[in-house]
Amino acid sequence: MHSNLIGRLLKFIDVGDALGEVLFGLIMALTFTVGARLVAGDEALDARDLVIATLGCNIAWGIIDAVLFLIGIRIYRLDRARVFRAINSAADDKSALAAIAREFPPDEGPLTLDKRDQDEVYGYMLALARRAKPSTTTFSLDDLIGAFIVFVIVAATAIPAVIPFLIIDDKYLALRVSNVLLVGLLYATGHAWARFAGSRPFVVGMAMTGLGLILVTVAVLLGG
C-alpha cells in the first residue's frame, strides 16, 4: 500500500523534486527554531508565537513554491513548443537537424554517443517532430495536483518542528527536541536522496545535514 501511494505521487512530481521540497521546508522550519532563541533570547522566547510563525512561514512558502512549480511547467512547455516550431519551420532537413543539435547538444546528454549514433538519434527526433503535433501549454489536472503536493510537502515539514511544543511543557526542552528532530530529518532526506540516485546513503545524508545547517546559519546571521 505504501509503495502504491508513492507510485501514484510520482505520477505528479519527480522524486528528486519532492525530496528537494522536503529539504527546503526543513531548512525553513529549522531557521525559525534555531533563530528564535538567538534573536529573542531565553526570557523573550514564546513557544506559542514560535509555533504560529513556523507554521505560517512554511504554509506561505508552500504556496509560493506551488506557484513556482506551475510557472516552471509553463516555461518548459513554451520552450518545447518553441523548439518544435524551429524544427518544423526550418528550410530543409539540414537546418532542422542543426536546430535539434543546438537544443540537445550531444555532450550534455545522459549518454556519450559517437557521430554516427548522434546523427541517427537526431534523425529519429526530426522524423518524430515532422509527424507530431505540439503539446498543449495549458495546465492539466495533473499539473494542479503536482502543485498541491508541493504545497503539502513544504507546509507539512513544519509539523515535526511544532509537535514538541504541543506535548512538552518545558519550552526550552521542546526547542531542543524540535531542533534534533529537524536535523535528523535533514539526514533522512539526504539518505533517501542517495538511495534514489544510487549513491552512498550515509555520506550523502551527512553531507545534506551539513549543507542544511550551513544554510540555516547563513539565514539566521542575515536575519532569517
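Refer to the preceding data block for the structure.
Residues numbered from 1 in each chain as written. Predicted model: local features only at pLDDT ≥ 70, side-chain atom pairs only at ≥ 80, totals over all residues. Heavy atoms only, no water.

K.L.:
Help me get a handle on helix H6 (residues 141-156), residues and values and all.
P.N.:
The end-to-end C-alpha distance of H6, which contains 16 residues, comes to 22 Å, matching closely the 22 Å that a straight helix rising 1.5 Å per residue would cover. Burial in H6 covers these residues: Asp143, Gly146, Ala147, Ile149, Val150, Ile153, Val154 and Ala155. (Helix = DSSP H or I, 4+ residues; strand = E, 2+ residues; numbered from the N terminus. Expected span 1.5 Å × (residues − 1). Buried < 20%, exposed > 50% of the residue type's maximum accessible area, 1.4 Å probe, protein only.)

K.L.:
Explain the nonpolar core to me, and be specific about the residues and the numbers.
P.N.:
Residues Leu23, Leu26, Ile27, Ala29, Leu30, Ala161, Leu182, Leu186, Met208, Val216 and Val220 constitute the largest nonpolar core, which totals 11 residues. Among the secondary structure elements, those contributing two or more residues to this core are helix H2 (15-44), helix H8 (171-197) and helix H9 (201-221). It is H2 that contributes the most residues to this core, five residues altogether. Beyond its immediate chain neighbours, meaning those up to four positions away, Leu186 contacts Leu23, Leu26, Ile27, Leu30, Gly205, Met208, Thr209, Gly212 and Leu213. In terms of nonpolar packing, the next biggest core, distinct from the first, is built from 10 residues, Ala18, Ala147, Ile149 and Ile153 among them. (Core = buried A, V, L, I, M, F, W, Y, C linked by side-chain atoms within 4.5 Å. Contact = heavy atoms within 4.5 Å.)

K.L.:
Residue-level account of the side chain of Thr157, with values.
P.N.:
In this structure, Thr157 sits in the loop between H6 and helix H7 (159-167). Within polar-contact distance, the side chain of Thr157 engages the backbone oxygen of Val154 at 2.6 Å. What Thr157 contacts, discounting residues up to four positions off in sequence, is Val22, Gly25, Leu26, Ala29, Asn58 and Leu182. (Polar contact = N/O pair within 3.5 Å; in protein donor to acceptor, adjacent residues only side chain to side chain.)

K.L.:
Report on H7, specifying residues and quantitative values.
P.N.:
Within H7 the residues assigned to the buried category are Ala161, Val162, Pro164 and Phe165. One side of H7 carries all its buried residues, which in axial view fall inside an arc of 145°. Every exposed residue of H7 that faces more than 90 degrees away from the buried side is listed here: Leu166 and Ile167. (Arc of directions from axis to C-beta.)

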